[in-house]
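A look at the structure
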Amino acid sequence: MNISSRIRTHINIFLFAASIIAMVVAVWIIFAMVRQINNDEHHKVITWVSSTQQKAELIEHGRFFFEQVEQIERNKLQLWADAVLGMMTRASGTEFELYRRVVAENTSIPVIVTNQNFEIQLCQNTRFDCRNIAFLEGALLEEFSQHPPIVIPFMGERWYFFYKHPQAFTDLQKTLDGVVHSFIEEIATSSIFAAILVVSEDEQTVIKSGNISSELYSDPKALQRTLNRMRAQNAPIKFSFDVDETYLIFYESSIIARQLAYLPIAAFIIFALFIATITWGIKTSKQSENNKLWVGMSRETAHQLGTPLSSLMAWIEVLRSEHVDELHLVEMKKDIDRLAVISERFSKIGSKPKMVTENIAQIVHKSIDYLRPRIPQKTKIQTSIPANAVVLTSVNAQLLEWVLENLVMNAVDAIGTENGIVGIEVSEHPETITIDVTDNGKGIPKKQWKTIFEAGYTTKPRGWGLGLPLCYRIVHNYHKGNIFVKQSVVGTGTTFRISLKK
C-alpha cells in the first residue's frame, strides 16, 4: 500500500468516525428533546388534572350549596305556611303578631296558596295580582309545579302552598349550569395534548371528547377497550352537578406524545442505515479500487508474458534445428504452453468468464498430472477420485485449475521439505459439489482463517499475498461459490474447501 492510499484510508476512517460521533450526538440530542417534551407534557397533564379536580370539587360544592338553599327555602316556606294558617285561626294576641311578622319576612319566595280545588286563596311575591286570577291552572300551574307543594290540612280540607325559586336564585342556578357546561367544553377542548373522554357514570355514553379519534369510541366494544386502556394509565376523575347526573373524565397521553416516544428509535434506525450506507460506500469504493488494481495488474501481466512466449516458441524451433534432444524440447514446450495458459488466465481477469458444463473429476486429475512432476519428490498428491468418475457442473475449467494449483502449491509450501501428503477429495451433494484440499503441514491459527483471503496478506518471506485472494475472487465472484478453511490445527495440517453450486 503506497503513501497516498494510506492517506486516503486514514481520511476515510476519520470521516467515518466523525460521522458516527455526529450521528450519536444527534440521536442523543433528539432523545433529550423528546424526553424534555414528554416531561413537559406530563407536567401539563398533572397540572390539568389538578385544576380539573379542583373545578370539579368547586362545582360539586356549588351543587351541594344549592341543594342546601333549596331545603332552607322549603323549610322557610313550611314555617310561612304555618304562620299564615296561624293568623287565620287566631285573630289577636301575641301569637298573631308573631305569625304576622313571619309572613311579612317572606319578601323573595313567590307563593300561591290554593284549596284542594286549586282555587287561589292567597299569593305573595308574584308578578301578578291574585285577585285577577281565580284558579291555578295551565301555564301558571306548570310554572309553580317545579317543586312539590306543601300540603297543610285547614278547616276540614287540604290547602296547597305552591312556590318557586326567587329570580335571583334562578339566575344563579342558570349561571351554575353555564359553568358546568363550560367546564365540560373546556375539558374537551383543552390546550394540552392529552386524549380526553367525558362519559356517563355507567360508561355507556360519551358526553364530550377531545384529542381522540372517534373510531376509538364509535361502538360500545371500542369504547370499553379505550376506557380500559385509559383506566390502566390513569384513574378517572369523577364529578357531578346534579343529583341524578354523575360524569367520569378519562384521559391518557396524547397520540403526539406517544409517537414522540418512538422518535429516538426512528432516529437510531436512520442512524444505523446511515452508518450502513457509509460502510457500504467505503467498502464498495475499496472493492472498486481493488478491482481496478486486479484488472490492471492481470492484464499487464498477460501483456508482459506475451512477448517472451513468442520468443521462446521461436527458440524451440532454433534448438530443434540444432538437433537438441527432442525429449527436452517436448518438456520445454509443455512449460511454454503452460505459460500461455497462465497468460490467458490473467487476461480473463476483469471480464466475465465463459461457463461450460465440465467434469470436475477430469479437471482435478488434469491439475494433479501437471503438478506432480513439479513439486518436491518427498511430497505426494493423493486422491480417491476415479479417473473415469463423472461429476458435472458449470465452471470455467482454466480458472478452476488455477484455484486448485494455488491451493496445492500453498499446501506444498506449508509442508516444506519434509515428507508430506496433499489430499484432494471431491464430494457430490444434492445441491453442491465440494472439493477439499488437505495437507499435513504447519496449519493456520484460527484468527487468520479469514485474513488469509485478504489481498497483501502473506506469511512467506517472498510473495505478494495474492494467491488465496485470487482463488476467492474466482470461486466467489465468477462461480458464485464459496472457498474457506474447513479445519486447521497448528502443527497438524489444514483443509481448504471449495463449494460449487450444481
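About the thresholds
- Residues numbered from 1 in each chain as written.
- Predicted model: local features only at pLDDT ≥ 70, side-chain atom pairs only at ≥ 80, totals over all residues.
- Heavy atoms only, no water.
- Salt bridge = Lys/Arg side-chain N within 4 Å of Asp/Glu carboxyl O.
- Helix = DSSP H or I, 4+ residues; strand = E, 2+ residues; numbered from the N terminus.
- Buried < 20%, exposed > 50% of the residue type's maximum accessible area, 1.4 Å probe, protein only.
- Axes fitted to C-alpha atoms, helices over the stretch in contact; angles between N-to-C directions.
- Parallel < 35°, antiparallel > 145°, perpendicular 65-115°, else oblique.
- Left-handed = near helix turned anticlockwise from the far one by under 90°.
- Contact = heavy atoms within 4.5 Å.
- Nonpolar A, V, L, I, M, F, W, Y, C, P; charged D, E, K, R; others polar.
- Pairing = 2+ DSSP bridges.
- Polar contact = N/O pair within 3.5 Å; in protein donor to acceptor, adjacent residues only side chain to side chain.

Observations concerning the pattern of salt bridges
- Applying the stated criterion across every chain yields a total of eight salt bridges.
- Between arginine 497 and aspartate 436 there is a salt bridge; the shortest N-O distance is 2.7 Å. Highlighted residues: arginine 497 in strand β15 (residues 493–501) and aspartate 436 in strand β13 (residues 432–439), separated in sequence by 61 residues.
- Arginine 497 sits in the buried class, given a relative accessible area of 18%.
- Via salt bridges that share partners, Arg127, Glu143 and Lys164 belong to a single interconnected network.

As for the packing of helix α9 (residues 360–371) against helix α10 (residues 397–415)
- Here α9 crosses α10 at 50°, and the two axes come no closer than 10 Å. With respect to α10, the axis of α9 lies oblique. For the pair α9 and α10, the crossing hand works out as right-handed. Across from Ile360, Ile363, Val364, Lys366, Ser367, Tyr370 and Leu371 in α9, the residues of α10 making contact are Ala397, Leu400, Glu401, Leu404, Glu405, Val408 and Met409.
- Tallied by class, the residues present in the contact of α9 with α10 amount to ten nonpolar, one polar and three charged.

Examining the pairing of strand β1 (residues 111–114)
- Burial along β1 is two-sided: the face carrying Val111 and Val113 and the face carrying Ile112 and Thr114 are both buried.
- Bridging between β1 and strand β2 (residues 120–124) involves four bridges; their strand directions are antiparallel. In the strand pairing of β2, isoleucine 112 is matched with cysteine 123.
- A loop of five residues connects β1 with β2, the two strands running antiparallel in sequence, and phenylalanine 118 in this loop sits at a positive phi of about 65°.
- The pairing of β1 with strand β4 (residues 157–163) spans four bridges and is antiparallel. Paired with valine 111 across the strands is tyrosine 163, a residue of β4.

Comments concerning the side chain of histidine 479
- Relative to the assigned elements, histidine 479 resides in the loop between α11 (467–478) and β14 (482–489).
- Histidine 479 sits in the buried class, given a relative accessible area of 10%.
- A distance of 3.0 Å separates the side chain of histidine 479 from the backbone nitrogen of asparagine 396, its partner in a polar contact.
- Those residues within four positions of histidine 479 in sequence are excluded, and the remaining contacts are Met355, Ser394, Val395, Asn396, Leu399, Ile474 and Leu500.

Quick look at the environment of lysine 366
- As for its placement among the helices and strands, lysine 366 is situated in helix α9.
- Spatially, the C-alpha atoms of lysine 366 and alanine 387 are 9.8 Å apart, while their sequence positions differ by 21 residues.

A few points about unusual backbone geometry
- The phi torsion at phenylalanine 118 lies on the positive side, around 65°, for a residue other than glycine.
- Phenylalanine 118 gets classed as partly exposed once you look at its relative accessible area, which sits at 32%.
- Unusually for a residue other than glycine, lysine 480 sits at a positive phi of about 55°.
- Mapped onto the elements of the fold, lysine 480 is located in the loop between α11 and β14.

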